[in-house]
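# Per-entry structural report
Given next are the chains, with one letter for each unit.
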Amino acid sequence: MPSPPPSVSARLLSVLEAFSPGGTRLTLSEIARRTGLPLTTAHRLVGELTAWGGLERDGAGRYQIGLRLWEIGALAPRGLGLRETAMPFLEDLYEATHQNVQLAVLDGHDAVFLERLSGREAVHVFTRVGGRLPAHATGVGLVLLAHAPHETQEAVLSLPLKRFTNRTIPSGAELRRALAEVRRQGFAISDGQIELIAVSVAAPVHDHDDAVVAAISVVVPSENGDAYALLPAVRAAARGISRALGSPSARRLPGPVHRETFSAPG
């Protein structure tokens, strides 16, 4: 029995999903090709989205995401309120390090970045606001995954893990050990997993129920050496955000840092 054709809403969403960091401005033909829609259907849907404000047309006739979508996206409570609460602490952490300071949440198997502050001399990173990376390969992702529901963890552990460098966690068995250590210690150090030149130091953010709802990190050049020296500042910022969110545990002082602590390979 043939599968039913995609609904109108599914086709509209496919038009929006055609846009990507490497394709922020697309012609109508490019949209049709990326979505697999007939050109006439793509033309009609793009016209409707443009009239509504979800897409905009530039002077060259190409389409881009419109401000109407940004306005709606800014209303997402998991992003807006959390980012606003976190910003003063992220700014303080940036002033202390002048490196990449990031705030992320877990979405499916990925870490999604709600904010990134970066200095001119900061080490290169692939992250961007609104972007995502596999949770197993990032410091914030390891923190978030370590505190995710059991079924989410098991789903990730059962999948082939994408490798970015020779230091990316390569297997579910190693990832399981890494997550256990993150839960035990309360932070993650991810060294060279996305790029060999960078190391990430991450800590969890708790809400009023003490559930981990986000993670923050500082990403610095791996050649700087002592990632543990950044831990007090990162943990203090995470604890400050958690306190602002009403976390009971954030009112307690953190435990000591042990230098023999496991740090995620790569």
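Further up the page is the structure itself.
Let us look at the structure shown here. (Residues numbered from 1 in each chain as written. Predicted model: local features only at pLDDT ≥ 70, side-chain atom pairs only at ≥ 80, totals over all residues. Heavy atoms only, no water.)

What the protein chain contains, in helices and strands, is nine helices and eight strands. Taking all 266 residues of the protein chain together, the buried fraction comes to 47%. The contacts of the protein chain with a sequence gap of at least 6 include a subset with a gap of at least 24, amounting to 58%. (Helix = DSSP H or I, 4+ residues; strand = E, 2+ residues; numbered from the N terminus. Buried < 20%, exposed > 50% of the residue type's maximum accessible area, 1.4 Å probe, protein only. Contact = heavy atoms within 4.5 Å.)

Time to look at the nonpolar core. Counting 30 residues, the largest nonpolar core has Leu90, Leu103, Ile189 and Ile216 as the members making the most contacts within it. Looking at this core, the elements with two or more residues in it are helix 5 (77-97), strand 3 (100-107), strand 4 (110-117), strand 7 (198-206), strand 8 (212-221) and helix 9 (231-244). Counting residues per element, this core draws most heavily on helix 5, which supplies six residues. (Core = buried A, V, L, I, M, F, W, Y, C linked by side-chain atoms within 4.5 Å.)

Take the sheet that holds strand 5 (residues 132-134) next. What the six strands build is an open sheet, ordered 5-4-3-8-7-6; its pairing is antiparallel. At either end of the open sheet lies a strand with only one pairing partner, and these are strand 5 and strand 6 (188-191). If you compare each strand with its neighbour and ignore which way they point, the axes differ by 30° on average. By the bridge criterion, nine bridges tie strand 7 to strand 8 in an arrangement that is antiparallel. Bridge pairing in strand 8 links Ala202 to Ser217. (Pairing = 2+ DSSP bridges. Axes fitted to C-alpha atoms, helices over the stretch in contact; angles between N-to-C directions.)

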